[in-house]
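Given next are the chains, with one letter for each unit.
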Amino acid sequence: MRDRFLFLALGLVLGGPAQAAPERLVGHGGPVKAVVAAEEGGRVLTASFDYAVGLWQISDSEARLLHRLIGHDAAVNDVAFLAGGRRAISVSDDGTAIVWDLESGKALGRFGETPVKALDVEVSPDGRLAAVAKWDRRVLVIDLETMTLVSALEGNRDRVNAVAFARDGSALYSGGGDGSLRRWSLPLPDKGIAPHGVLREQGWGINVLRAVAGGVVVGAVDGSVLVVSDEGEARELFRFERPVMALARSVDGSQLAAGAGDGQLRVWETGSWEERKAFLNDLGPVWGLSFDVEGEVLWLAGLDDEVYSLPLTGPPRALPEPKEQPRRFHLREGLGPGAREFQRKCSVCHTLTPDDANRAGPTLYRLFGRRAGSLPGYPYSQALLDSDIVWNEETVAALFDHGPDVVTPGTKMPIQRITDPGRRAALVRFLKGATGGLAPGADRGLKE
Ligand code: HEC
């Protein structure tokens, strides 16, 4: 709060032209894990918990959602532009990386190897390679010209959270749960083990990495932001109170931004490493950050479905107050037990109204009497399309008694069970009352 006023005061003194960026990007149906602005053409990509990648066209004060890229079977964690902005690559909790054609919105290729989370993706400065950080302790390297997986780098002793290419293209850095910062020399050998060394070992896990001239910036679980040179010398730039969750470098390399789990946000000049700005995002953790081409606007993603722009020059714009937001994660007062179950366990992915609001799952409106996988327009998994289940009290209860992975194997609904029979019954009762009656044409033999 204090920072917001400080910033406001500073802005009034400095004045300057108003920024043209729209205040927010509205269209995702779930929290946004990553945001990235193109280096030309005014486009922005977003990766969301709603299983989709968003492609946005920004012009003056307007943002248009050009495509929702559908193909991942779980939350999308990160995304990057390729090929001069004509393609993109995204990574997901489903373990895969997908290469997209941004004109048609179609998937061109899919890489994964294991169904273990893929958290971070980076493209080499020459645009030829992509590196993917996986929780199976490996870094996948994809040749984007031949569209082949060229390497799976092994060395990290725990899950890999972050990857970054050196600015001069001479190396790839990786870091993760084991706290070691590894540096892999490029180009990788055609065969055999890729040569690499540990630049730094530290007690705390590494969450995020961003290359800068002569080294790499590390954002760690203990809240520290470290600038590590290629000789392994580290300098602590700042220490947040909570884990560092996001790092961004401006296109010209002159600014670095970092965001933390408590919503704190800092911007530095990279030459002097002097702090330029400080913000507080009252809405919660900072998960994604990106500078616009000019380095005058910072895009901010987090727990909310909307992405916000923060002007770094000119008159400041306050971040929205939490009360303005539909905080689906915060329980409302006075809910019955079934409504609470729905609110806590389902509402992040499902609505109860005819509109699915772009959430990860289909709307549950008129669920009872509906055949599984039958809502027109929703991109179901083959498992649900092929299923002959009809949703009723018994089948919905069974779904959470045994779990979606057992009742509908191959589904993209996450594994979850409600083992307490009382809670399960309360949820089903609530859904019966709240989903707007029987599906059209439903079998009248269903229990009302
Ligand atoms: C993280 C997101 C997520 C959460 C949380 C979630 N679901 Fe789902 N749900 C999905 C997705 C995605 C599908 C589509 C599955 C597919 O196509 O395989 C789905 C499908 C369904 C279906 C089948 C609908 C149809 O049209 O056939 C039902 C019923 C359902 N969910 C109920 C629930 C309930 C009740 C809860 C809370 C206890 C819940 N879901 C929690 C993502 C979620």
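Cut-off values and rules
Residues numbered from 1 in each chain as written. Predicted model: local features only at pLDDT ≥ 70, side-chain atom pairs only at ≥ 80, totals over all residues. Heavy atoms only, no water. Pairing = 2+ DSSP bridges. Helix = DSSP H or I, 4+ residues; strand = E, 2+ residues; numbered from the N terminus. Axes fitted to C-alpha atoms, helices over the stretch in contact; angles between N-to-C directions. Donors = N, O, S within 2.8 Å, 3.2 Å for Na, K, Ca; no water. Tetrahedral: all angles 85-135°; square planar, octahedral: opposite > 155°, others 65-115°. Buried < 20%, exposed > 50% of the residue type's maximum accessible area, 1.4 Å probe, protein only. Contact = heavy atoms within 4.5 Å. Expected span 1.5 Å × (residues − 1). Polar contact = N/O pair within 3.5 Å; in protein donor to acceptor, adjacent residues only side chain to side chain. Parallel < 35°, antiparallel > 145°, perpendicular 65-115°, else oblique. Left-handed = near helix turned anticlockwise from the far one by under 90°. Nonpolar A, V, L, I, M, F, W, Y, C, P; charged D, E, K, R; others polar.

Chemist: Help me understand the sheet that holds strand E21 (residues 234–239), please; the structure alone is not making it clear to me.
Modeler: Strands in a sheet are paired, the pairing made by backbone hydrogen bonds, and the direction either parallel or antiparallel. With antiparallel pairing, the 4 strands of this open sheet are ordered in space as E18-E19-E20-E21. If you trace the sheet from one side to the other, it starts and ends with strand E18 (206–212) and E21, each paired once. Ignoring which end each strand starts from, the neighbouring axes of this sheet average 20° apart. Here E18 runs beside strand E19 (residues 215–220); their pairing, made up of 6 bridges, is antiparallel. When the sheet's bridge partners are listed, Val 208 is paired in E19 with Gly 219.

Chemist: It is not clear to me how the coordination of the iron atom of the ligand should be interpreted in this structure. Could you clarify?
Modeler: Coordination angles at a metal have ideal targets, namely 109.5 degrees for four tetrahedral donors and 90 or 180 degrees for six octahedral donors. Every protein donor of the iron atom of the ligand is accounted for by His 350 (NE2) and Met 413 (SD), and the metal-donor separations fall at 2.0 Å. For the iron atom of the ligand, the 6 donor atoms in the first shell make angles of 84 to 179° at the metal, so the coordination geometry reads as octahedral. Residue His 350 is located in the loop between helix H2 (337–345) and helix H3 (382–385), and its partner Met 413 is located in the loop between helix H5 (404–407) and helix H6 (421–434); the two are separated by 63 residues in the primary sequence. Residue Met 413 is classed as partly exposed on the basis of its relative accessible area, which comes to 23%.

Chemist: I would appreciate a short explanation of the side chain of Ser 229 in the present structure.
Modeler: Within the fold, Ser 229 resides in strand E20 (residues 224–229). On the basis of relative accessibility, which here comes to 17%, the residue Ser 229 falls in the buried class. In this structure Ser 229 touches Leu 199, Gly 214 and Gly 215, once residues within four positions along its chain are discounted.

Chemist: Hey, could you run me through H6 in this one?
Modeler: Note: α-helices contain 3.6 residues per turn, so residues at a spacing of three or four share the same orientation. Over its 14 residues, H6 extends 20 Å from the first C-alpha to the last, a length consistent with the 20 Å expected when each residue adds 1.5 Å. Every buried residue belonging to H6 is among Arg 424, Ala 426, Leu 427, Val 428 and Leu 431, and all of these are buried. Looking at the buried residues of H6, the elements they touch are H2 and helix H4 (393–402). The opening residue of H6 is Asp 420, an N-cap whose side-chain oxygen sits 2.7 Å from the backbone nitrogen of Gly 422. Positive phi appears at Gly 436, one or two residues downstream of H6, with a value of about 80°.

Chemist: Sorry, what's going on with the packing of H4 against H6 here?
Modeler: The axes of two packed helices give the description: the angle between them and the distance between them. Across the interface, H4 lies against H6 with an axial gap of 10 Å and an inter-helix angle of 135°. Classified by the angle their axes make, H4 and H6 are oblique. Of the two possible hands of crossing, H4 and H6 adopt the one that is right-handed. Across the interface between the two elements, Glu 393, Val 396, Ala 397, Phe 400 and Asp 401 from H4 touch Arg 424, Val 428, Leu 431 and Lys 432 from H6. Split into classes, the residues belonging to the contact of H4 with H6 amount to 5 nonpolar, no polar and 4 charged.

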